[in-house]
Amino acid sequence: MVDKSSVSEILNKHSLPLHGYCRFDALADNLLPCRALSRLESAFLPEQPKTVIAVLFPYRFDDMPGNLSRYARVPDYHTAAGGFLKKAAAGLSAAFPEYRFVPFIDSSPIPEVRAAALSGLGVVGDNGLLINPLYGSWVFIGNIVTDLDLKITDSEIKECSHCGACRKICPGGCAGGKTRKNCVSRITQIKGELTASQQALLLKSGMAWGCDICQDVCPLNQNALIAPHPCFGDKPFNPSLSFEDLNSLEGRAYGWRGAKTLERNLNLLQSLHDSTSDA
Ligand code: B12
């Protein structure tokens, strides 16, 4: 019988000390219908996985003002954090060869906020994000899915205090709501032309990519530690995206979206800047 401590020892050795465990069963009805779902199914069929290991990667470096949300100021987490997860999964496979360990991050069928909350890694905020007691919501969530049965008792999902700060400030009125349709982070990603109301929301936020407004005001984030995971190196990128940056998007969290959408966002912000300096 394998116990949690021998798994944790391997994760710690791979520099993943912020981890927890939950039962796959507790997530099975909420799997996200993304492309990675087939990777999960083909790895385990005809059986079901048993355990999800949730792993946090803190990414807060500083609070410099800028038009990039903080998550986009560090090297692309899909590769940076994903690389650490892959190595840890390989380490686990070597230690327990009779079981499978499949890593995912973001492009994952696992609803990662829920998995991390069930693993006891923090509370779920009204902004829908996992808030860790030490690092706040400035954490990415990765996961390793396995058929190793660790006989877990899931933590209860805990909620924030519903203080209302994120609900009051969200420009799109999304926090606490049922839809993220007007989430500025989402709007910065939409391809093609934005509607007039989407443009207005983007201008109001001043963001070229992503949005941190609901996290900035969260009282649970005020004393969040600044101790980024080593996978992000020791220096963040510039806090603002410029037109020149569009020539080299490699290694950036927004690289997948391509220069056109980012250029549109920068043009919109520039037009606001021009109109206010003309006035
Ligand atoms: C699609 C997506 C988006 C979309 C849509 C978000 C959405 N939730 O609908 C957009 C582009 C808008 C987005 C934006 C952002 N995202 Co996003 N996103 C995802 C992704 C890929 C899937 C999320 C999803 O569809 N979940 C399913 C739906 C049903 O979940 P949901 O509506 O959020 O609700 C779930 C939980 O949040 C929870 N829940 C929500 N509210 C409440 C309230 C209570 C009281 C309780 C108990 C539970 C609860 O229960 C639900 C069921 O699981 C995940 C990665 C993943 N695989 O999970 C990352 C993920 C959630 N995103 C992440 C990040 C960092 C962001 C941004 C902060 C980036 C930024 N700075 O711009 C913003 C935050 C916006 C916001 N406040 O939600 C991180 C969150 C890390 C964390 N600390 O929680 C994730 C986990 C990626 C990662 N691997 O780290 N995202």
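Residues numbered from 1 in each chain as written. Predicted model: local features only at pLDDT ≥ 70, side-chain atom pairs only at ≥ 80, totals over all residues.

### Here's the deal with the site of the ligand
The test is simple: Using the backbone to place each C-beta atom, any residue with that atom within 6 Å of a molecule or strand is considered near it. Only DSSP runs of H or I reaching four residues or more are called helices, and only runs of E reaching two or more are called strands; each is numbered from the N terminus. For this scheme, ten residues count as nonpolar: Ala, Val, Leu, Ile, Met, Phe, Trp, Tyr, Cys and Pro. Four count as charged, namely Asp, Glu, Lys and Arg, and the remainder, Gly too, count as polar. Note that the domain bounds reflect an automated or database-derived domain assignment.
Neighbouring residues of the ligand: 32 residues in total, closest Pro111, Arg114, Leu129, Ser185 and Gly210. Of all the secondary-structure elements, those providing two or more residues to the shell around the ligand are helix H4 (112-118), strand S6 (139-146) and helix H6 (184-189). Residue classes in the shell around the ligand are distributed as 16 nonpolar, nine polar and seven charged. The residue makeup of the shell around the ligand includes at least three contributed by each of domain 1 (4-146) and domain 2 (165-225 + 233-278).

### Some details on the environment of Glu159
Applicable threshold: Remark: C-beta atoms are placed from the backbone, and a residue is labelled buried if 20 or more other C-beta atoms sit within 10 Å of its own, exposed if 12 or fewer do, or partly exposed between those counts. With C-beta atoms placed from the backbone, a contact is any residue pair whose C-beta atoms sit within 7 Å.
Among the secondary structure elements, Glu159 is positioned in the loop between S6 and helix H5 (165-169). Here Glu159 falls in the exposed class, since 12 other C-beta atoms lie within 10 Å of it. Taking the C-alpha atoms as reference, Glu159 lies 4.9 Å from Val124; in sequence the two are 35 residues apart. Ignoring any residue separated from it by four or fewer positions in sequence, one finds Glu159 in contact with Val123 and Val124.

### Brief notes about the domain arrangement of the chain
By domain assignment, the chain separates into domain 1 (4-146) and domain 2 (165-225 + 233-278). Taking only C-alpha atoms into account, the centre of domain 1 sits 24 Å from that of domain 2.

### A short note on the environment of Asn132
Relative to the helices and strands, Asn132 resides in the loop between strand S5 (130-131) and S6. C-alpha separation for the pair Asn132 and Thr79, spaced 53 residues apart in sequence, amounts to 22 Å. Contacts of Asn132, omitting those with residues within four sequence positions, involve Leu56, Leu121, Gly122 and Val139.

### Focus on the sheet that holds S6
Note the following rule: Strands are treated as partners if at least two bridges between them are detected by DSSP. An axis is simply a line fitted to the C-alpha atoms; with a helix, the fit covers only the stretch in contact. Between two such axes, the angle follows the N-to-C directions and lies from 0 to 180 degrees.
Overall, antiparallel pairing links the four strands, which are arranged S1-S2-S6-S3 in an open sheet. Sheet topology places strand S1 (19-23) and strand S3 (101-105) at the edges, where each strand pairs with a single neighbour. Along the sheet, successive strands turn relative to each other by an average axial angle of 25°, direction set aside. Where S3 meets S6, five bridges bridge the pair, whose relative direction is antiparallel. Bridged to Phe104 within S6 is Asn143.

### What about the pairing of S6?
Within S6, eight of the eight residues are buried, leaving the element largely enclosed by the surrounding structure. Alternating residues of S6 divide into Val139, Ile141, Asn143 and Val145 and Phe140, Gly142, Ile144 and Thr146, and every residue in both groups is buried. Alignment of strand S2 (residues 51-58) against S6, held across eight bridges, turns out to be antiparallel. By the bridge assignment, Phe57 is partnered in S6 with Phe140.

### A few points about helix H3 (residues 77-95)
For an α-helix the count is 3.6 residues per turn, leaving residues at separations of three or four pointing the same way. Quick reminder of the rule: Under the convention used throughout, the expected extent of a helix is 1.5 Å for every residue step, that is, one less than its residue count.
Its 19 residues place the ends of H3 26 Å apart at the C-alpha level, agreeing with the 27 Å of an ideal helix rising 1.5 Å per residue. Among all positions in H3, only Tyr77, Ala80, Ala81, Gly82, Phe84, Leu85, Ala88, Ala89 and Leu92 are buried. Residues of H3 that are buried in the fold lie against helix H1 (4-13), S2, S3 and S6.

### Digging into the packing of H1 against H3
Test applied: Should an angle fall under 35 degrees it is taken as roughly parallel, and over 145 as roughly antiparallel, whereas 65 to 115 is taken as roughly perpendicular and any remaining angle as oblique. Each crossing gets its hand from how the near helix is turned against the far one by less than a right angle, where anticlockwise is left-handed and clockwise is right-handed.
Here H1 crosses H3 at 140°, and the two axes come no closer than 9 Å. Our classification of the angle between H1 and H3 gives oblique. In the packing of H1 onto H3, the handedness of the crossing is right-handed. Each of Val7, Ile10 and Leu11 in H1 lies in contact with H3, whose residues at this interface are Ala88, Gly91, Leu92 and Ala95. In terms of residue class, the contact of H1 with H3 is built from six nonpolar, one polar and no charged.

### Here we look at unusual backbone geometry
Of note, the bond from Leu45 into Pro46 is cis; its omega dihedral lies within 30 degrees of zero at 5°. Along the polypeptide, Pro46 turns up in the loop between helix H2 (37-44) and S2. Positive phi values are uncommon outside glycine, yet Ser15 reaches one of about 60°. Summarising the element assignment, Ser15 is placed in the loop between H1 and S1. Given 14 C-beta atoms within a 10 Å radius, Ser15 is considered partly exposed. The phi torsion at His162 lies on the positive side, around 55°, for a residue other than glycine.

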